[in-house]
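# Observations on the three-dimensional arrangement
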Amino acid sequence: MVEHRASGEFRVRLRVAHRSTEEVGEYVGEHGCHVVSRALLDAAYAAGVRYVDVARSYGRAEEFLAGWLADRPGVTGGEDPVEIGSKWGYRYVGGWRTDADTHEIKDHSLDAFTEQYAMSHQLLGDHLGIYHVHSATLDTGVLDDERVHRAMAHLRDRGIRVGISTSGPAQADAVRRALEVRVDGEPLFTSFQSTWNPLEPSVGPALAEAADTGARVILKEVFANGRLAPGGEDGTEGARAAAALAARTGIGLDRIAVAAALANPWAWRVLLGPVGTDQLASNLAGAELTLPADVAEELAALAEPAESYWRTRSARPWS
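Here the structure is a predicted model, which is why all the values come from computation and not from measurement.

## A word on unusual backbone geometry
- Not every positive phi belongs to a glycine, and Asp 184 is a case in point at roughly 55°.
- Examined against the element boundaries, Asp 184 turns out to sit in the loop between β8 (182–183) and β9 (186–187).
- Here Ala 224, not a glycine, exhibits a phi torsion of approximately 55°, which is positive.
- Assignment of secondary structure puts Ala 224 in the loop between β11 (216–220) and α7 (237–249).
- The class of Ala 224 is buried, set by a relative accessible area of 1%.

Structure representation (structure tokens):
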């Protein structure tokens, strides 16, 4: 069902995150999030998805995932294991409301790492395979903080892959700086989770460089925060053109976005964040597609200047 490499590794992954009351439909609040998360995890596992992503700031996502893992012993072992990744560096303070004044607070200090890793480990234990700095930038100082690097190297030396996630117009700078960080003569950051989509592909060359070193590359926000999803056309030129392309080809826009992301040979996984199993199935169908050359060229022409893309993104409502 899902496109895969010759090794048989599926190239899509599932993000488990907090969901608001509005998003979970007939369900309500935290209980609804729990129900929907379990349904999504079951459906994704049945479809062959073998990488699941959470974060300390995704509400109670780590807790929900831990409960699912506890009820399904063995899924992270054997010949076809589920891999688990999480992130530290933000605290979720939105109270399950999309209209909250503040949703997340960023903190890349050593104290924050120590506190949040302890929480992640308490919930996920030995299931945790990858731990990212959440939205690392040059400005936060985390890529130059040797105390944080030393603490994260302890995870690396115990077999947990450590890395960074990136956002914003300077993603490439963060990726390249992270590639330079070494502890005890060995690279520290060997996993990169970055925003890439046809409207914002600027980080692509830096991610290709990361992959060339042997690092894993995970693409997120491939739907451009809804602008490249069915019904997500927001009046911007790029979104209108993408919607027109989908209509002309008769292919769902979300499927086109997934196929475009997977066409990057350096991409190890592509992140999906569906709100229901129907949306999951539609997203996964994109992994079956190989875009014709003319469609790929038309998509490439939709790329926006990075600064412009991120201004548009910051103006969109929280979801």
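## Thoughts on the nonpolar core
- Counting residues in hydrophobic clusters, the biggest one holds 85 residues, and the most contacted among them are Phe 189 and Leu 219.
- For Phe 189, the contacting residues outside a window of four places in its chain are Val 133, Leu 143, His 149, Met 152, Val 162, Gly 163, Ile 164, Ala 178 and Val 181.

## Quick notes on the side chain of Ser 57
- With respect to the element layout, Ser 57 can be found in the loop between β2 (51–53) and α2 (61–71).
- Here the side chain of Ser 57 touches His 134 through a polar contact of 3.5 Å, side chain to side chain.

## A few points about the side chain of His 132
- Tracing the sequence through the fold places His 132 in strand β6 (residues 128–133).
- Overall, the relative accessible area of 0% leaves His 132 in the buried class.
- A distance of 2.8 Å separates a polar atom in the side chain of His 132 from a polar atom in the side chain of Ser 191.
- Sequence-distant contacts of His 132, defined by excluding residues within four places in its chain, comprise Tyr 51, Ser 86, Lys 87, Trp 88, Gly 163, Ile 164, Ser 165, Ser 191, Phe 192, Gln 193 and Ile 218.

## Side note on the packing of aromatic side chains
- Following the criterion strictly, the structure yields seven aromatic pairs and no others.
- Between Tyr 45 and Trp 68 the ring centres are 6.2 Å apart and the planes differ by 65°, which places this aromatic pair in the edge-to-face class. Taken together, the positions of Tyr 45 in helix α1 (residues 29–47) and Trp 68 in helix α2 put the pair 23 residues apart, joining distant regions of the chain.
- For Tyr 45, a relative accessible area of 28% puts it in the partly exposed group.
- Between Tyr 117 and Tyr 131, the aromatic rings sit 5.5 Å apart at their centres with planes inclined by 70°, giving edge-to-face as the arrangement. Residue Tyr 117 is found in helix α3 (residues 110–124), and its partner Tyr 131 is found in strand β6; the two are separated by 14 residues along the sequence.
- Residue Tyr 117 is classed as buried on the basis of its relative accessible area, which comes to 11%.
- Following the ring pairs from residue to residue traces out a cluster consisting of Trp 88, Phe 113, Tyr 117 and Tyr 131.
- Just above the ring of Tyr 45 sits the side chain of Arg 50; from NZ or CZ to the centre is 3.9 Å.
- Stacked on the ring of Trp 268, the Lys or Arg Arg 269 has its end atom at 4.0 Å from the ring centre.

## Things to note about the pairing of strand β12 (residues 269–272)
- Of the two faces of β12, the one lined by Arg 269 and Leu 271 and the one lined by Val 270 and Leu 272 are each fully buried.
- Sheet topology places β11 next to β12; two bridges connect them, and they run parallel. Among the inter-strand pairings, Ile 218 is bridged to a residue of β12, identified as Arg 269.

## Overview of α7
- Between its first and last C-alpha, α7 extends 18 Å over 13 residues, near the 18 Å set by a 1.5 Å rise per residue.
- Of the positions making up α7, those classed as buried are Gly 238, Ala 239, Ala 242, Leu 245 and Ala 246. Viewed end-on, α7 has its buried residues packed into an arc of 120°, placing them on one side of the element. The exposed residues of α7 that point more than 90 degrees off its buried face are Glu 237, Ala 247 and Arg 248.
- Taken together, the buried residues of α7 touch α8 (253–262) and α10 (293–300).

Rules and cut-offs
Residues numbered from 1 in each chain as written. Predicted model: local features only at pLDDT ≥ 70, side-chain atom pairs only at ≥ 80, totals over all residues. Heavy atoms only, no water. Helix = DSSP H or I, 4+ residues; strand = E, 2+ residues; numbered from the N terminus. Buried < 20%, exposed > 50% of the residue type's maximum accessible area, 1.4 Å probe, protein only. Core = buried A, V, L, I, M, F, W, Y, C linked by side-chain atoms within 4.5 Å. Contact = heavy atoms within 4.5 Å. Polar contact = N/O pair within 3.5 Å; in protein donor to acceptor, adjacent residues only side chain to side chain. Phe/Tyr/Trp six-rings, centres within 6.5 Å; stacked < 30°, edge-to-face > 60°. Lys NZ or Arg CZ within 6 Å of the ring centre and 35° of its normal. Pairing = 2+ DSSP bridges. Expected span 1.5 Å × (residues − 1). Arc of directions from axis to C-beta.

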